[in-house]
Every structure is written in structure tokens, then in C-alpha cells.
Amino acid sequence: MNNNKFFLYARKSTDVEDKQVLSIEAQIAELRAFAKQNNLNIVEAFIEKQSAKIPGRPIFNDMLARMEKGEADGILAWHPDRLARNSVDGGRIIYLVDCGRIAALKFPQFWFEPTPQGKFMLNIAFGQSKYYVDSLSENTKRGLRQKVRRGEYPSVAPIGYINDVRNKSIVVDRKKAKIIKAVFEFYATGNARLEDVSDFLAQRGIMSRGGKRIHKTRATFILSNPFYTGLFRYAGEIHEGKHEPIITKKLFDTAQEILKQRGKPRHKQKNEPQAFCSLISCAECGMMITAEKQKGHIYYRCTKKKIKCSQPYTREEELDRQLSSLIQKVSLRQDWADKLLEMAEKDKAVSAQSVSAFVLESQNKIRAIQTKLQRLLDGYLEQDIEREIYREQKTKLLLEKKSLDEKMARIEQKQNDWLEPFQNWIKVATTLVKIARDSNLLDKKVAAKEIFGSNLVLANREARGNPVLPFSAALRATELVGKKSESLILVPGERLELSRACAHSILSAACMPFHHPGLMNSWRRERELHPCTRFCRPLPNYSGITP
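*Asks:* Explain the overall build of the protein chain to me, please; I cannot follow it from the model alone.
*Replies:* In terms of regular secondary structure, the protein chain is built from 17 helices and 18 strands. For the protein chain, buried positions account for 40% of its 547 residues. By sequence separation, contacts in the protein chain at least 24 residues apart represent 62% of the contacts at least 6 residues apart. Per element, the accessible surface of the protein chain, about 31700 Å² overall, is 51% carbon and sulfur.

*Asks:* I keep staring at the pattern of salt bridges and nothing clicks. Help me out?
*Replies:* A side chain with one charge can pair with a side chain of the opposite charge if their charged atoms come near. What the rule picks out here adds up to 26 salt bridges. Two residues, K394 and E237, come together in a salt bridge whose shortest N-O distance is 3.3 Å. Taken together, the positions of K394 in helix α12 (residues 387-413) and E237 in strand β8 (residues 237-240) put the pair 157 residues apart, joining distant regions of the chain. By relative accessible area, K394 is classed as buried at 14%. For E237, a relative accessible area of 8% translates into the label buried. Across the pair E292 and R301 runs a salt bridge, and its minimum N-O distance is 2.8 Å. Salt bridges here are not isolated pairs; linked through shared partners, they connect E237, R387, R391 and K394.

*Asks:* Please explain the pairing of strand β6 (residues 169-172) as it appears in this structure.
*Replies:* Burial along β6 is one-sided: the face carrying I170 and V172 is buried and the face carrying S169 and V171 is not. Hairpin geometry of strand β5 (residues 161-164) and β6 is characterised by an intervening segment of 4 residues between the two adjacent antiparallel strands and by a positive phi of about 50 degrees at K168.

*Asks:* Would you mind going over the environment of S454 with me for this structure?
*Replies:* Mapped onto the elements of the fold, S454 is located in the loop between α14 (441-452) and β13 (457-459). Residues S454 and P467 lie 13 residues apart in sequence; the distance between their C-alpha atoms is 9.4 Å.

*Asks:* How should I be thinking about the side chain of T229 in this particular structure?
*Replies:* Mapped onto the fold, T229 is located in the loop between α8 (216-223) and β7 (231-234). With a relative accessible area of 0%, T229 lands in the buried category. In terms of polar contacts, T229 uses its side chain to reach the backbone carbonyl oxygen of P226, at 2.7 Å. If near-sequence neighbours (up to four positions away) are discounted, T229 is found in contact with P245, I247, T248, K249, F252 and K402.

*Asks:* Explanation requested: helix α7 (residues 194-203) in the structure shown.
*Replies:* Each full turn of the α-helix corresponds to 3.6 residues, which orients residues three or four apart in the same direction. Of all the positions in α7, only D196, V197, S198, F200 and L201 are classed as buried. Among the structural elements, α6 (174-188) and α8 are those in contact with the buried residues of α7. With its phi angle positive at about 85 degrees, G205 sits one or two positions after the end of α7.

Analysis parameters
- Residues numbered from 1 in each chain as written.
- Predicted model: local features only at pLDDT ≥ 70, side-chain atom pairs only at ≥ 80, totals over all residues.
- Heavy atoms only, no water.
- Helix = DSSP H or I, 4+ residues; strand = E, 2+ residues; numbered from the N terminus.
- Buried < 20%, exposed > 50% of the residue type's maximum accessible area, 1.4 Å probe, protein only.
- Contact = heavy atoms within 4.5 Å.
- Areas by Shrake-Rupley, 256 points an atom, 1.4 Å probe, with all protein chains shown as cover.
- Salt bridge = Lys/Arg side-chain N within 4 Å of Asp/Glu carboxyl O.
- Pairing = 2+ DSSP bridges.
- Polar contact = N/O pair within 3.5 Å; in protein donor to acceptor, adjacent residues only side chain to side chain.

As far as function goes, none of this settles anything; it's purely spatial.
Written out as C-alpha cells, the structure is:
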């Protein structure tokens, strides 16, 4: 035995330097002391930093290949589990012992002789090593599943969060969380490419782990990660998390819609457009109206991209005059503005009733969803439901519950947020006269876009269009009153003060874009009680009144 040559083999399960840092050093020291004590001739030492759970260790395979060439007669290792923790490598060693290529195996803590009994014991040792790895893996997976059930994400926190090693939880990184929220808001505008998102993050110091600029595929992963809404994806399923959300579900859904729709980058216009471009369409063919400069004047015309169009050119001065007239028609008189603001303040006080009803209804829906989730889980555990169906239905219910939670929280916290935008609209509507009389074309374009949306058309050098809510209500009310005194409306046979039903119609229509919950009921009550009801009728969706 003293003349036999041995290969020394030492292994640890990870290549991370700060883990099991003493394992290799301790093995080599013990094995060299054992070799000296037993007069073993070590011709070479093989050191490997890789798990033996699966086959394919390069250093181990190289050592066995050299054993087959006869460069050594035996192997010295700390324990059989250092050589193999899988059936392939273990069976290979036993086969080489059977063939006589391995004459001896030496372990300080394990006895082996190349006899039937020795090979039987070695086979048991390899089996125990494999059992240990399999059990450890299963126990680890069970622990991870339990963490998921508790709402704890069992992995590395994404950008914007950090892993708190003390509490074994995930907490918000306050500095980076603001950047992540800002990048969602930036992309949700619909004017940004994925490359722009990468630039946005790089400019604010968010880089990859290697210190490089985040690739657009990584940017896509960030924008589609539900973790930022308080949910997380694990093993193909969506789960509710205990971590604090960074963004709302509504903002996340907006980003997902844009991710689906946007397939091409933005194309910047080469030429600076004129003031009224992208505002008006052609009444004949539906194409947009463009502009060109001829003989020192700007003329607007149809782009004529699809078919031949007979519409003539229109000078900018004439178009400016017509748009000013249209804008002035939907301006709101000051006495009406004061009246509407007064009524809005009163409706603010009674809107809490509608909010309470909505919250109660939402709470009932959430309880129903929780019951469905429990029944779904029971059906899955009883094997009445297939795994794919369970995952699909669970994801659907969790997303629905998340949306209801956010809507309820938003309405409870911001039930009167409609008032400020409504007051801003009143302010804008009362200043339209000044905008129409001024010479600032860009201000007129902004005002016309807000008033008419995409309804402006040009036909035979005449601009026309129907205002959108809430400006359509102001126009109808102006047409109804005409040139009568500021607070009176003429009704056959009698003079009445400006009716609250009419005012509420304007108020309801004006507030619909702001999602005010209580005005519709108020509108109905006022209209039923007031005597001018017979001269007014509601438009579809309560959008206003007509004479």
C-alpha cells in the first residue's frame, strides 16, 4: 500500500469566497496529516468549488479520467459525500472499483476495502449523501412555500427595495423607490420608449449589478413586475405580499397597456409644425389639416393622403378668427361661475353618503372574493381542480381584489378631489373670452383642443365642431339664456330665476370628467322638484340639458 499513488480530492459546495471559507483549508490539512500518518503517497491534489448534487463537475471528471489512465491507484477524500452526492458519480466510482482502476479509497472518517462488503457500505454512504441533498432541497422548498403563504417574497428584492437581514423581510429603499415610481409615471405618459426608460434610470444612478446601463429587456421586466403594487410572482403564480407598495395598481395597469401597444419607437418630426396643426381634420375625407407657407402667409389645407380632396386652402388669419369665435361661445359667465361654485360646495358636504355606500359595497365584494379564494384552494387541495385552472383563477381573483382595495382607499381618502379640478375648470371657462381676444395662437390651440377634443373639422374654409363635456353644458346654457339679464331666464307666461335644475345640469355635466359621485342624485332630485322641468330634458348619460 505504501507504493500506491493517491490523488487528494477536496471539495466545497459553493464558489462564493466568503461562504465555507475554512472548508477547503481544513480538509487539505486533515487529509495531509492522515496521509503522513498512514504513509500514503499523494501525487497531486484536486480542489473543486462546486456542488456534487448533479453530475458534470469538470475537476472531478478530469481526476477520474486520469485514474483510468493509471496515473494513480487510489483517491483520498474526507468523506464519500465529498466525492458524490448523485447516483451517476457514485455509480461511476463503484464501477471503477469493480474494474480495478481504483485500487483503494481512503477516508479519515469512513472505512472502505475493495470487497463486496466494502462496496456495499460505500454504496450505502453514497445513497445517504444523495438522501441528505434531496431532503435538504425538499425542506428548503417547503420553507419557501410557507414564506409565500405568509406574503413574504422568498428571493432577492427588486430595485426599489432592500432585503432586511435582521428582520428577514423586504423593506422599501426610500431613495430608489422614488425613482421607480417616477419611471412608471414617465412611461405611463405614452411618450417614452424603453431606451428612454433606460436613460431615465441611468441619469438617476440606477445601473445593473455590473455597473452598466440597464438594458431595455431589463427595463421591460421592471415595468411589468407586479411586486411594485404589493403583489409578487412566484412559481408561476401571483401572490399577495406583505411589503409596502411603491405604485398604485392603476398606474401599473396603464404601463402594461402601453407595453402591449407600443411596438415602434417614436419618430420625431423633422419640421416644426405650425400653431393649428394636429388640431383640425378635413370634413370631406377625414385626414388631418396641415400647413405650409406661401408668399409670406401661412395656409392650412388637407393632407390628402388617401384620396383626392376638393377642399380649398384657408389662411391662418381667417382660421384664427373662426376659432376665436368658437372658443368665445363656450366661455362661462361670471355670475354663473359664482353660482356653480356655491352649489359645488354644498354638494361636497353630501357626497359622503354616496362614498359610504360604495365603500360598503366594495367591502362586500372583497369578502366574496376571499370566500372564492378559499373555496378555490380547497378544491385544488382536494384535487377537484387542475393546477393550471387554479393558478389562472387565483390570479384573476387576486387582481380583482387588489383593484377594489385601491379604488376603495382612493375614494375614502380623496372623495372630494373632484372639487379642485372643477374649480380649475370654472377658472378656465371664465378666462376663455380673454384667450379668444388675445393673439397667442398656441394658447388658442390648447384651449380649442380641451374644448372640442378631436371634433374640430374644416369644410369650405369654415371651422366647426361640437364641444365635449363639460364645455358643451356651458354652450347649451348660453344658448338657452341668450341675451337676457344675467340671472333670469324667460319662460312662457312667467319670469323665473335661473333654475337650480338647469344649474345642476351644468354642474353635473361639468363634474362628470372629475368622477364626482354625488351630483347625479342631486341633479335628479332638483329636476323633479323644480317647475322648469317641463322645458328641459336630459341628454344621454345626463350630459346636460337642451331648451
